Amino acid sequence: MKGGKENKVLFDFKMKLTGLTITQAHQGLIKKEFSALELCKAYLDKIKEKDKEISAFLTINEDFALSQAKKIDDMILEGREIPVLAGIPCAIKDIILVEDLKCTAGSKILENYIAPYDATVIKKLKEKEAVILGKTNLDEFAMGSSTENSAFFSTKNPHDLTRVPGGSSGGSAAAVAANMCCYALGSDTGGSIRQPASFCGVVGLKPTYGRVSRYGLIAFASSLDQIGPITKTAEDAKIVFDVISGKDELDSTSVEKPKLQTTNYKLQTIKIGVPKEYFIKGMDPEVERVIKEAIKKYEEVGAKIEEISLPHTEYALPCYYIIAPSEASANLARYDGIKYGYSVSNIPTFQHSNELMDVYFQSREQGFGPEVRRRIMLGTYALSAGYYEAYYLRAKKVRTLIKEDFERAFKKVDVIFTPVSPTPAFKLGEKITDPLTMYLSDIFTVSVNLAGLPALSLPCGKVGKLPIGLQIIGKPFEEEKILAIGKILEVDELRSSSPFANARVKS
Amino acid sequence: MLSREEVQHIAKLARLGLTEKEIGKFQKELSSILDYIEKLKEVDISKVQPTSHSITRALAKGGDTAAASSIEMENVTRDDIENDASLKLKIKNKKLLKLAPETKDGYLKVKSIMRALAKREDERSSSPTRAFAQQK
């Protein structure tokens, strides 16, 4: 059965292609081991095969992806040097604008919104000839921790289809974990890159606030939002981060990386702080065991482990749930049924009303889902006359204390290690009925956003078949350091439990 | 617990239509979230400055990490002149207008802003068919 054998070879070849890291795929392209078109088709086939059960994608951009791949092949044939990201297929969280593609933010209110321009991060990826496969599912307006708040459908965890992929960047993390793209972009307001990366067993980087332009990112909470990469390895995260970061005149909060005095550090002599407040009762003991084992690995290679205290940790979550909804209630005021998005003024049954106010009230009532409405209500309440000082102003002051906790800790240690989440991926439907329980899954990630710090979520082991992520928090602008530290664990044997360990081709 | 009237008042401020059932739901849900947030009252904030943004200019310029506490933002401005960039924006305008639910002569079209005015209009036209035709 020659034909059958050939099919098997082809199948293995495609399996290998979609299992490659960015670096490996780039090497394969320039050595002409495979073409960009083959690579792109392998991913599109994988999406057709797997996304029926995982539901990570909201939009597939097949024609554009294929024509872009052909363009890269021409460049290679002409003997031109290509950027590392050229021809490498990626997926974009559907809250980041890609010109002429639908951008829904997971919301009915933007169901038919076609992005009129590229976000700065997309412009930068396109300059490096990236191949954008499509847009991935998310909690509506990035509000959620399970991707169940999407107005369209829930995404499943590739490691266990009865469980959530985490959120809000659940589609991006699931797509990377299921090899339906080589890497993805997500956004992180309170853990939305790190927690799904942890649940899906992939690497997620939340950069320092200001390092990546937010222009073209649909705003949720502007003092917390940050775009970052979701990848298979720390090395890949660095490649993507280097491309998307930098000051942008279209985002007044973006900053140039300052010159740091401490660029020279020996990884073997780093001091790792482990905050005692992050190992609390209520935490899954198996998660604690996996995290402590990972920390021990670092001790074995020579790192100093020191117990530290971040005394205001327990106030981070209530502080976040004032600040984020307050900013959201202001940001989401723009969806008014007048400028763009869902509007009742187009609905024939609405024609009896002739009043602007009715357009506002009803468009927003019908366009926003339950969690978004809840947060708009909460934020509006916190900012309303008579409550501003008691809630919003108080939260901003507590935010200062949380930030100062980290500043004090970073005088003693170089990086901080914590779990990303107190539990592995939970069951679909398990927490969706109780908003407060859902909020508690962000308990270890929100402080980092409040303090504006960079943090990495790194797969460090499993409980059963479910991956667990280690959170590595760095000083402002020290993304390179936390990525380098993360890489140590990756080359370690622990990595063999990763879904990519077997998929790797020999380099 | 938040009263019905409070929930209705917040919804009005937020320009968010609520169903009857939702008023009760929000009374309960918002109250339990606010109870949880009450925890912040345990913190002594009497001598603390508020933080709006986390990264300071001092820090961004390479200052000491520990010295930073609140951001000094710098406005980004441009000259109000027509150049390549502004011409590009003009082309974009068409794209943006396409996204609007209702437009007229290159402007966004909105419903009547003043209730009274609309009412008077209604009275004058008295015929419901005519009012409907105006909508179109």
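Residues numbered from 1 in each chain as written. Chains lettered and ligands numbered in written order. Predicted model: local features only at pLDDT ≥ 70, side-chain atom pairs only at ≥ 80, totals over all residues. Heavy atoms only, no water.

Caption draft 1: Main features of the sheet that holds strand β10 (residues 455–463) of chain A. Residue and element names in this part refer to chain A. The mixed open sheet is built from 11 strands, whose spatial order is β1-β3-β2-β4-β6-β5-β10-β11-β9-β7-β8. Sheet topology places β1 (57–60) and β8 (304–308) at the edges, where each strand pairs with a single neighbour. The sheet shows a mean angle of 30° between the axes of neighbouring strands, taken without regard to direction. Against the sheet, helix α5 (residues 120–127) touches β2 (89–93), β3 (131–136), β4 (183–187) and β6 (227–231), its axis set at about 165° to β4. (Pairing = 2+ DSSP bridges. Helix = DSSP H or I, 4+ residues; strand = E, 2+ residues; numbered from the N terminus. Axes fitted to C-alpha atoms, helices over the stretch in contact; angles between N-to-C directions. Contact = heavy atoms within 4.5 Å.)

Caption draft 2: Structural view of the confidence of the model for chain B. Residue and element names in this part refer to chain B. Taken as a whole, chain B shows an average pLDDT of 76; of its residues, 70% reach a score of 70 or greater. Mean pLDDT across the secondary structure elements of chain B bottoms out at helix α6 (residues 128–135), with 38, and peaks at helix α1 (residues 4–13), with 96. Note that residues 57–71 has pLDDT below 50 and, in this model, 36 contacts with residues that lie over four places away or in other chains. Across residues 126–136 the pLDDT falls below 50, and counting only partners more than four positions away or on other chains, this stretch makes 10 contacts in the model. (pLDDT = per-residue confidence, 0-100.)

Caption draft 3: Seen up close, α1 of chain B. Among all positions of α1 of chain B, only Val7, Ile10 and Ala11 of chain B are buried. Looking down the long axis of α1 of chain B, one finds its buried residues gathered within 100° of arc, a one-sided arrangement. In α1 of chain B, the exposed positions angled more than 90 degrees off the buried face are occupied by Glu5 and Lys12 of chain B. On its buried face, α1 of chain B is in contact with α11 (356–367) and α12 (370–383) of chain A together with α2 (20–37) of chain B. In the stretch just after α1 of chain B, Arg15 of chain B is the one whose phi turns positive, near 55°. (Buried < 20%, exposed > 50% of the residue type's maximum accessible area, 1.4 Å probe, protein only. Arc of directions from axis to C-beta.)

Caption draft 4: Here's a closer look at unusual backbone geometry. Residue and element names in this part refer to chain A. Gly167 connects to Ser168 through a cis peptide bond whose omega is 15°. Within the element layout of this structure, Ser168 appears in the loop between β3 and α6 (170–177). At Ser55, a position not held by glycine, the phi torsion is positive, near 55°. Structurally, Ser55 can be placed in the loop between α3 (36–54) and β1. Here the phi dihedral of Thr147 falls at roughly 65°; this positive angle occurs in a residue that is not glycine.

Caption draft 5: Expanded view of the environment of Lys403 of chain A. Residues and elements named next belong to chain A. Its place among the elements puts Lys403 in helix α13 (residues 389–412). For Lys403, a relative accessible area of 5% translates into the label buried. It is 8.2 Å that separates the C-alpha atoms of Lys403 and Gly452, two residues lying 49 residues apart in sequence.

Caption draft 6: Broad picture of the side chain of Asp236 of chain A. Secondary-structure assignment places Asp236 of chain A in helix α8 (residues 234–244). Buried and without a salt bridge, Asp236 of chain A has Lys232 of chain A as its closest oppositely charged side chain, separated by 7.1 Å. (Lys, Arg positive; Asp, Glu negative; His and termini not counted. Salt bridge = Lys/Arg side-chain N within 4 Å of Asp/Glu carboxyl O.)

Caption draft 7: Structural view of the packing of aromatic side chains. All names here are of chain A. Under the definition given, this model contains 16 aromatic pairs over all chains. Summarising the aromatic geometry, the rings of Phe199 and Phe426 are spaced 5.8 Å apart at their centres and angled 90° between planes, so their arrangement reads as edge-to-face. Note that Phe199 is positioned in helix α7 (residues 194–200) and Phe426 in the loop between β9 (415–419) and α14 (435–440), a separation of 227 residues in sequence. Between the aromatic rings of Tyr320 and Tyr321, the centroid separation amounts to 5.0 Å while the plane-to-plane angle is 80°, which identifies the pairing as edge-to-face. (Phe/Tyr/Trp six-rings, centres within 6.5 Å; stacked < 30°, edge-to-face > 60°.)

Caption draft 8: How the structure looks around the pattern of salt bridges. The final tally for this structure, using the stated rule, is 29 salt bridges over all chains. For Arg375 of chain A, the salt bridge goes to Glu371 of chain A, with nearest N and O atoms at 2.7 Å. Note that Arg375 of chain A and Glu371 of chain A are positioned in helix α12 at a spacing of 4 residues, about one turn of the helix. Arg375 of chain A gets classed as buried once you look at its relative accessible area, which sits at 2%. A cluster of three or more residues bridged by salt bridges with shared partners is formed by Glu99 and Asp100 of chain A together with Lys92 and Lys95 of chain B.

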